[in-house]
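Understanding the architecture of this molecule
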Amino acid sequence: MTKESKPDRLRQMGALNPKPEGVRAPWFREAGFFDPLDLVQVKYEMLRHAREDGTNKADAAALFGLSRQTYYQAEAAFERDGMSGLLPRTRGPKSAHKLTDEVMRLVEEHLDANGQLQARSLADLVHARLGISVHPRSIERAVARKKKR
């Protein structure tokens, strides 16, 4: 069994800093505890530097190779959730939230009557009848999941 490297593990977690070369804080330049590849550590140190060392937020963000927007997002997340707020979160919806039972009934009725899947026309039908915009690929995936069961 091969042991994963820290960068590999950070990448899997979504915490690999995409621009480690942008971190200019001197304590990150020396090999040791501070790692410019670790985005959680970089964000924490950015916040700490502004709060404890009195650096303004824009300068702190620039020193750590991050934007002001990222600073404010990290600050809000840290105040809300502590250190865990700096951990990466998955983006976007967690499920096919638009494909309600009503939508799927309409899709299934159309499939039963026509026998074939034309996702684009089904998406148009759902929009016309129910006023819900659904991507055709979402319909294809939902139908495939249903067939698997």
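Quick note: structure is the one above.
Residues numbered from 1 in each chain as written. Predicted model: local features only at pLDDT ≥ 70, side-chain atom pairs only at ≥ 80, totals over all residues. Heavy atoms only, no water.

1. Regarding the packing of aromatic side chains
Taken as a whole and judged by the stated rule, the model has six aromatic pairs. Here tyrosine 71 and tyrosine 72 contribute two aromatic rings whose centre-to-centre distance is 5.7 Å and whose plane-to-plane angle is 85 degrees, an arrangement assigned as edge-to-face. The exposure class of tyrosine 71 is buried, given its relative accessible area of 3%. Given a relative accessible area of 42%, tyrosine 72 falls into the partly exposed group. Members of the aromatic cluster, connected to one another through ring pairs, are Trp27, Phe28, Phe33, Phe34 and Phe64. (Phe/Tyr/Trp six-rings, centres within 6.5 Å; stacked < 30°, edge-to-face > 60°. Buried < 20%, exposed > 50% of the residue type's maximum accessible area, 1.4 Å probe, protein only.)

2. Focus: the environment of proline 20
If you trace the backbone, proline 20 turns up in the loop between helix H1 (6–13) and helix H2 (26–29). With 17 residues separating them along the chain, proline 20 and leucine 37 place their C-alpha atoms 5.4 Å apart. When sequence neighbours within four positions are dropped, the list of residues in contact with proline 20 reads Pro36 and Leu37. (Helix = DSSP H or I, 4+ residues; strand = E, 2+ residues; numbered from the N terminus. Contact = heavy atoms within 4.5 Å.)

3. So, the nonpolar core
With 19 residues, the main nonpolar core has Phe28, Val42, Met46, Leu47, Phe64 and Tyr71 as its most contacted residues. Listed by contribution, the elements that provide at least two residues to this core are helix H3 (39–53), helix H4 (57–63) and helix H5 (68–81). With six residues, the single largest contributor to this core is H3. If we ignore the near neighbours within four places in the chain, the residues touching methionine 46 are Ala60, Ala61, Phe64, Leu66, Thr70, Tyr71 and Ala74. Grouped together as the second largest cluster of nonpolar side chains are 13 residues, Met104, Leu106, Leu122 and Val143 included. (Core = buried A, V, L, I, M, F, W, Y, C linked by side-chain atoms within 4.5 Å.)

4. Here's the deal with the pattern of salt bridges
Pairing of side chains with opposite charge becomes possible as their charged atoms draw close. Overall, the coordinates contain ten salt bridges when judged by the stated rule. Taken together, the salt bridges that share partners define one network made up of Glu45, Arg48 and Asp53. (Salt bridge = Lys/Arg side-chain N within 4 Å of Asp/Glu carboxyl O.)

Nothing here speaks to function; it is geometry throughout.
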